[in-house]
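Here's the letter readout for the chains.
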Amino acid sequence: MSFPYKKNIEKSMKKFYDSLCEKNKRRYAVIESEKLSHGGVKLYFSFIRV
């Protein structure tokens, strides 16, 4: 299963994620994983490599 966003969007998301403090990283990760429905948490965390 691949990440469902275009490469340029993935790059922007990763850059934004990296700029956040730990508390906000967790909040952002929850929001993004909810968008991806079943398996979203695992997929999102594999994308950000947590």
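Residues numbered from 1 in each chain as written. Predicted model: local features only at pLDDT ≥ 70, side-chain atom pairs only at ≥ 80, totals over all residues. Heavy atoms only, no water.

Draft legend 1. Here's a closer look at the confidence of the model for the protein. Of all residues in the protein, 66% attain a pLDDT of 70 or more, and the chain-wide mean is 78. Looking across the protein, the model is least confident in helix H3 (residues 40-48), with a mean pLDDT of 67, and most confident in helix H1 (residues 7-19), with 89. (pLDDT = per-residue confidence, 0-100. Helix = DSSP H or I, 4+ residues; strand = E, 2+ residues; numbered from the N terminus.)

Draft legend 2. Here's a closer look at the pattern of salt bridges. Taken as a whole, this structure holds three salt bridges when the rule is applied. When the shortest N-O distance is used, the salt bridge between Lys-14 and Asp-18 registers 3.2 Å. Placement of the pair is Lys-14 and Asp-18 together in helix H1, with a separation of four residues, close to one helical turn. Its relative accessible area of 26% is what places Lys-14 among the partly exposed residues. (Salt bridge = Lys/Arg side-chain N within 4 Å of Asp/Glu carboxyl O. Buried < 20%, exposed > 50% of the residue type's maximum accessible area, 1.4 Å probe, protein only.)

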